[in-house]
2 protein chains.
Amino acid sequence: MLLTLDFDSEVPIYQQIRNQIVVGIAGGRLSPGERLPATRALAEDLGVNTMTVSKAYQLLRQEGYVAADRRAGVMVRPRDAQVPVVPEETVRGLRLRLCELRLAGLSREEILRLCEKMCDEEVD
Amino acid sequence: MLLTLDFDSEVPIYQQIRNQIVVGIAGGRLSPGERLPATRALAEDLGVNTMTVSKAYQLLRQEGYVAADRRAGVMVRPRDAQVPVVPEETVRGLRLRLCELRLAGLSREEILRLCEKMCDEEVD
DNA sequence: CTTTTTGTATTATTTATTATAATACAGATA
DNA sequence: TATCTGTATTATAATAAATAATACAAAAAG
């Protein structure tokens, strides 16, 4: 998994890391059970502080996307362990983006086609 | 238009104001050409600083969602003045939310149904 | 047993962002 | 003239984000 950071972005680094890992898992580029890079290794790789990566990992753990094991590091949550709750922020965020697309002039059908396309990107 | 602020949220207040106005425009609760509340009035109404509202308005203006006129205040962008460019952040944000729904266990069809429902909320 | 690696906690510091407060100004309106 | 409009200004406070250096417990490898 290749992570690309945008240091000019308003989005905090730890959030960028968290977001890209979420997209990576959903897209199948990170498989259930697969190990994520060690905190220090990823930090050095990205050129950021150890605690910044740690904060991203803790966030992912809290949200149930990964499981942190002291012995084996951080790994992608196995397929059987489901997270049934849909965060309210996810729903609100989705609505916001759909509204933005609407106001950018896209039709209902164009928007839904885009959503379909994105859903199909997620091959696992 | 009723704005509801969450002061405990991680999302900045000016961003919350901006987001809710965007959703309000797309949902037809704010019509093209309609005037938004005066900066000071909305600030007092929400119990926040004048500049916080001003920052939200400036953001909306930069993004092309509203037009600020010194004489008449801030109004929703008329229907004819289109904004053809889809912000990269919008696309990235949409993908992220779809991925989160996927990882929350929703099927492709459930997600698309949700998107359809949200698109139909936007009645204008 | 020693060394290494794991995530993470700690403490301090720096920087950037966010929000507020009190004024003020230009332009338009009544 | 007085009163709106958005916004610029300056200062200040509070919070968040990121870094730095160190440390600790737990597990694995040598």
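Predicted, not measured: the structure shown is a model, and the values here were computed from it. (Residues numbered from 1 in each chain as written. Chains lettered and ligands numbered in written order. Predicted model: local features only at pLDDT ≥ 70, side-chain atom pairs only at ≥ 80, totals over all residues. Heavy atoms only, no water.)

Asker: In this structure, what is going on with the domain arrangement of chain A? I would like to understand it.
Answerer: Note on interface size: it is often stated as the accessible area lost on association of the parts. Domain annotation of chain A identifies domain 1 (13-81) and domain 2 (88-123). Placing a centre on the C-alpha atoms of domain 1 of chain A and another on those of domain 2 of chain A gives a separation of 26 Å. (Domains from an automatic or database assignment.)

Asker: It is not clear to me how the layout of surface pockets should be interpreted in this structure. Could you clarify?
Answerer: Left-over empty space is what a probe sized like a water molecule reveals as it rolls over the atoms. All names here are of chain A. Roughly 430 Å³ of volume is contained in the second largest pocket. Around the second largest pocket, the lining comprises 17 residues; the ones closest to its centre are Thr39, Ser54, Tyr57, Ala68 and Val74. Of all the elements in the fold, those that place two or more residues in the lining of the second largest pocket are helix H2 (39-46), helix H3 (50-62), strand S1 (66-69) and strand S2 (73-76). Considering every element that reaches the lining of the second largest pocket, the biggest residue donor is H3, with six residues. Its residues placed into classes, the lining of the second largest pocket shows seven nonpolar, five polar and five charged. (1 Å grid on protein atoms, 1.4 Å probe; cavity = no way out; pocket = protein on both sides within 12 Å on 5 of 7 lines; lining within 4 Å. Points joined across faces, edges and corners; volume = space filled by probe spheres on them. Helix = DSSP H or I, 4+ residues; strand = E, 2+ residues; numbered from the N terminus. Nonpolar A, V, L, I, M, F, W, Y, C, P; charged D, E, K, R; others polar.)

Asker: Just to check I follow, could you spell out the relation of the copies chain A and chain B for this structure?
Answerer: Each of the two copies of the chain can be brought onto the other by a rotation about an axis and a shift along it. For the pair chain A and chain B, the relating rotation is 180°, the translation along its axis is 0.0 Å, and the fit reaches an RMSD of 0.0 Å. Read as a symmetry element, the transformation amounts to a two-fold axis. When C-alpha distances to the rotation axis are compared across chain A, the minimum falls at leucine 94 of chain A, with a value of 3.0 Å. Most of the interface of chain A is mirrored in chain B, where 100% of its interface residues again form contacts. (Least-squares fit on C-alpha atoms with pLDDT ≥ 70 in both. Contact = heavy atoms within 4.5 Å.)

Asker: I tried to follow the protein's contact with DNA strand C on my own but got confused; where do I start?
Answerer: In the vicinity of DNA strand C lie 25 residues, with Thr39 and Arg40 of chain A together with Ile13, Asn49 and Thr52 of chain B positioned nearest. The share of sugar and phosphate among atoms of DNA strand C within 4 Å of the protein is 61%. Residue threonine 39 of chain A places a main-chain N or O atom 2.9 Å away from a phosphate oxygen belonging to DNA strand C. Between DNA strand C and the protein, one listed contact pairs a phosphate oxygen with a backbone N or O atom of asparagine 49 of chain B at 2.9 Å. Those elements that provide at least two residues to the surface near DNA strand C are H2, H3 and S2 of chain A together with helix H1 (13-26) and helix H3 (50-62) of chain B. (Near = heavy atom within 4 Å. Polar contact = N/O pair within 3.5 Å; in protein donor to acceptor, adjacent residues only side chain to side chain.)

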